[in-house]
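A structural walkthrough
Each chain is listed here by its residues.
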Amino acid sequence: EDWIRPLSQTRTLVEGDSITFTGQFVYVPPPTTGSLSIDIEPDDLQARWVLKRLTGDDDRSGVGDAVLDDLPPGPFTVAWQREPGWTVPAPGWVDGLITAGETATASVTYTVLPAWPFATVRLEAGSYTMGSAAPEPGREADEGPRHEVTRTRPLLVATTELTNGQWDAVVRGRVDDPTIANQPVVDVTWYQAVEFCNAMSVADGLTAAYAINGPQVAWNPDADGWRLPTEAEWEAFCRAGTQGSLSDGELSRLDMELDPVLSFFGWSGANSDNQVKPVRTLLPNPMGLYDVHGNLLEWCWDRYGVGYYTADPATDPSGPVTGADRVLRGGSFADANQRLRCAARAYLDPGAAVGIVGFRPVRNAPVVKSGGK
């Protein structure tokens, strides 16, 4: 044991001769290290992992299947990193023991996340102060003056930006990969968004909100069908009763560095790795709406007017009657933190399809009569 013996030898003994057999045994000390095989299913999923050791001297990280050699004996933990579109079985890590001379195995099987169903929350009619105050850091000139707005229509607001899976539930053609079902729809024009809202209304047995005649789109404010929010409605449900620069606090960093408040509920250029994220991966605002700050800019009904707030009707404003561009709100995963503030405004040609733009359907909510009937 612990020695390598020499090969056997065959000799012929001739009468009168003598034969000497010699052999050199080589000492091989027992192994002092072991190895670890990391196996991730499915094989083509390049999921990330982190190996942790008690000593901390052999911590490693990597991507996909791997074999790690020369590991000192002892316990280990491999933690599996969350991958967009996939779920990993609880608790999200595996423990084991490295034994000298042997190979331990850490394995995991990721599964495709189920598609989030379409859901809404109710926003009651009411009044709020729209726009940003002059001292607000990052404020742009088109965000003022601040003014009181009254909304007479209660709304049902989609809890997330419309996802690929939710689009395909109404109009096929968005999901060719099940792992992107929970990513929001991108590269959608304003015209495609209003057309989808009408299709969703028909599918739900509601009255279509829009009359579409080529590039001409007329909105029936009294229809109960799905539609895009007005800019005033959007800011109301983004703020969710708050008056700060963010719905969950105040923004302290305007650039593309992590903000201690925004990073918990908003995907910006500071934390997104410059890519769109699945919905419901960060915290919601106080109203239960996800990604009203960041991930994607969201189409609104209104035409854009740089000085519109000076003439904005006090009740149910719906934007200028003329103008080429349509309003976008919320900021995106590619934007600096400044663009994710509640009052920040943007605009785009309604025929443009951009990878940082999506939409969030709303519709007029049934009015609750006195007595709850």
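Calculation criteria
Residues numbered from 1 in each chain as written. Predicted model: local features only at pLDDT ≥ 70, side-chain atom pairs only at ≥ 80, totals over all residues. Heavy atoms only, no water. Helix = DSSP H or I, 4+ residues; strand = E, 2+ residues; numbered from the N terminus. Rg over C-alpha atoms; globule rule 2.2 N^0.38 Å. Buried < 20%, exposed > 50% of the residue type's maximum accessible area, 1.4 Å probe, protein only. Contact = heavy atoms within 4.5 Å. Areas by Shrake-Rupley, 256 points an atom, 1.4 Å probe, with all protein chains shown as cover. Pairing = 2+ DSSP bridges. Axes fitted to C-alpha atoms, helices over the stretch in contact; angles between N-to-C directions. Phe/Tyr/Trp six-rings, centres within 6.5 Å; stacked < 30°, edge-to-face > 60°. Core = buried A, V, L, I, M, F, W, Y, C linked by side-chain atoms within 4.5 Å. Disulfide = S-S within 2.5 Å. Salt bridge = Lys/Arg side-chain N within 4 Å of Asp/Glu carboxyl O. Lys, Arg positive; Asp, Glu negative; His and termini not counted.

1. Quick look at the overall build of the protein chain
- Helices and strands together make up the secondary structure of the protein chain, namely three helices and 23 strands.
- In terms of C-alpha radius of gyration, the protein chain reaches 31 Å, well past the compact-globule figure of 21 Å for 373 residues.
- Burial statistics for the protein chain: of 373 residues in total, 44% are counted as buried.
- Of the contacts made within the protein chain by residues no fewer than 6 positions apart, 67% connect residues no fewer than 24 positions apart.
- Carbon together with sulfur atoms contributes 54% to the accessible area of the protein chain, which is approximately 18200 Å² in total.

2. Section: the environment of Pro-361
- Inspection of the secondary structure puts Pro-361 in the loop between strand 22 (357-358) and strand 23 (362-364).
- The class for Pro-361 is buried, based on a relative accessible area of 0%.
- C-alpha separation for the pair Pro-361 and Thr-129, spaced 232 residues apart in sequence, amounts to 23 Å.
- Beyond its immediate chain neighbours, meaning those up to four positions away, Pro-361 contacts Phe-118, Leu-156, Val-157, Ala-158, Leu-162, Trp-226 and Arg-227.

3. Here's the deal with the sheet that holds strand 10 (residues 103-109)
- The three strands are arranged 6-3-10 in an open sheet whose pairing can be described as mixed. The two strands at the open ends of the sheet, each matched to only one other strand, are strand 6 (66-71) and strand 10. Averaged over all neighbouring strand pairs, the angle between strand axes comes to 15 degrees, with direction disregarded.
- As defined by bridge partners, strand 3 (residues 34-41) adjoins strand 6 across four bridges and the pair is classed as antiparallel. Following the sheet pairing, Ser-37 is matched in strand 6 by Val-67.

4. Describing the packing of aromatic side chains
- Evaluation of the coordinates by the stated rule reveals 11 aromatic pairs.
- Taking the centre distance of 5.8 Å and the plane angle of 70 degrees together, the rings of Phe-196 and Phe-359 count as edge-to-face. You can see Phe-196 sitting in helix 2 (residues 190-203) and its partner Phe-359 sitting in the loop between strand 22 and strand 23, a full 163 residues away along the chain. Across the pair, exposure class does not vary: Phe-196 and Phe-359 are buried alike.
- A centroid spacing of 5.6 Å and a plane angle of 55 degrees characterise the contact between Trp-219 and Trp-301, whose relative ring orientation is tilted.

5. Focus on the nonpolar core
- One finds Trp-167, Trp-190, Tyr-210, Leu-228, Trp-299 and Phe-359 to be the most contacted residues of the largest nonpolar core, which totals 25 residues.
- Elements with a minimum of two residues in this core: helix 2, strand 17 (216-219) and strand 19 (297-303).
- At six residues, helix 2 tops the list of elements feeding residues into this core.
- The residues touching Tyr-210, leaving out its near neighbours within four places in the chain, are Val-194, Cys-197, Asn-198, Val-217, Ala-218, Trp-219, Trp-226, Arg-227, Leu-228 and Trp-301.
- If you look at the next biggest cluster of nonpolar residues, it comprises 22 residues, including Val-121, Trp-234, Cys-238 and Tyr-308.

6. Considering the state of the cysteines
- This model, assessed by the stated rule, comprises zero disulfides.
- With no disulfide of its own, Cys-300 lies closest to Cys-238 among cysteine sulfurs, the gap being 10 Å.

7. Thoughts on the pattern of salt bridges
- This model, assessed by the stated rule, comprises 16 salt bridges.
- Between Arg-341 and Glu-143 there is a salt bridge; the shortest N-O distance is 2.5 Å. Here Arg-341, found in the loop between strand 20 (326-329) and strand 21 (345-348), pairs with Glu-143, found in the loop between strand 13 (126-130) and strand 14 (147-151); they are 198 residues apart in sequence, far enough to count as distant. Taken as a pair, Arg-341 and Glu-143 share a single burial class, namely buried.
- Ionic pairing is found between Asp-168 and Arg-172, a salt bridge with its closest N-O pair at 3.9 Å.
- When its relative accessible area of 6% is taken as the criterion, Asp-168 is described as buried.
- Through salt bridges with shared partners, a single ionic network connects Glu-231, Glu-235, Arg-239, Arg-329 and Arg-345.

8. Remarks on the side chain of Asp-259
- Mapping Asp-259 onto the fold places it in the loop between helix 3 (231-239) and strand 19.
- Buried and without a salt bridge, Asp-259 has Arg-253 as its closest oppositely charged side chain, separated by 6.4 Å.
- When sequence neighbours within four positions are dropped, the list of residues in contact with Asp-259 reads Glu-250, Leu-251, Ser-252, Arg-253 and Asn-337.

Geometric descriptors of this kind do not, in isolation, establish any biological role.
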